[in-house]
Amino acid sequence: MNEDLNREEQLDGSFEAWYGSINYQVKLKLDLTKVPQDSVFDSAVGMDEDPSQD
């Protein structure tokens, strides 16, 4: 068929830029919300313990 290498490179470049933009937006969202990556239940383990009794 009619193969255009420049067009293929442009398509690859635009896809990589789009995908990188999605990764950046996800990182910004996580930084903005500062949501802990651990499970709530994992984070709560040991919260009732008194550190002064060690």
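One structure accompanies this document, and this report is about it. Since the structure is predicted, the reported quantities are computational estimates derived from the model, not experimental observations. (Residues numbered from 1 in each chain as written. Predicted model: local features only at pLDDT ≥ 70, side-chain atom pairs only at ≥ 80, totals over all residues. Heavy atoms only, no water.)

## Some details on helix α1 (residues 5–33)
Phase 1 of the analysis: Taking 1.5 Å per residue, 29 residues should reach 42 Å; α1 reaches 42 Å between its end C-alpha atoms and fits that length.
Phase 2 of the analysis: A side-chain oxygen of the first residue of α1 lies 3.3 Å from the backbone nitrogen of N6; this N-cap is D4.
Phase 3 of the analysis: Positive phi shows up at K34, right after α1, with a value of about 50 degrees. (Helix = DSSP H or I, 4+ residues; strand = E, 2+ residues; numbered from the N terminus. Expected span 1.5 Å × (residues − 1). Polar contact = N/O pair within 3.5 Å; in protein donor to acceptor, adjacent residues only side chain to side chain.)

## With respect to the pattern of salt bridges
Phase 1 of the analysis: Evaluation of the coordinates by the stated rule reveals one salt bridge.
Phase 2 of the analysis: Ionic pairing is found between K27 and D31, a salt bridge with its closest N-O pair at 2.8 Å. Here D31 and K27 lie together in helix α1, a separation of four residues that amounts to about one turn. (Salt bridge = Lys/Arg side-chain N within 4 Å of Asp/Glu carboxyl O.)

## Observations regarding the packing of aromatic side chains
Phase 1 of the analysis: In this structure the tally under the stated criterion is two aromatic pairs.
Phase 2 of the analysis: Between F15 and W18 the ring centres are 5.7 Å apart and the planes differ by 40 degrees, which places this aromatic pair in the tilted class. Of this pair, F15 and W18 both sit in helix α1, three residues apart, roughly one helical turn.
Phase 3 of the analysis: Look at F15 and Y19: their rings are 6.1 Å apart centre to centre, the planes differ by 20 degrees, and that puts the pair in the stacked class. Of this pair, F15 and Y19 are both found in helix α1, four residues apart, which corresponds to roughly one turn of the helix.
Phase 4 of the analysis: Site record: aromatic cluster; members linked through ring pairs are F15, W18 and Y19. (Phe/Tyr/Trp six-rings, centres within 6.5 Å; stacked < 30°, edge-to-face > 60°.)

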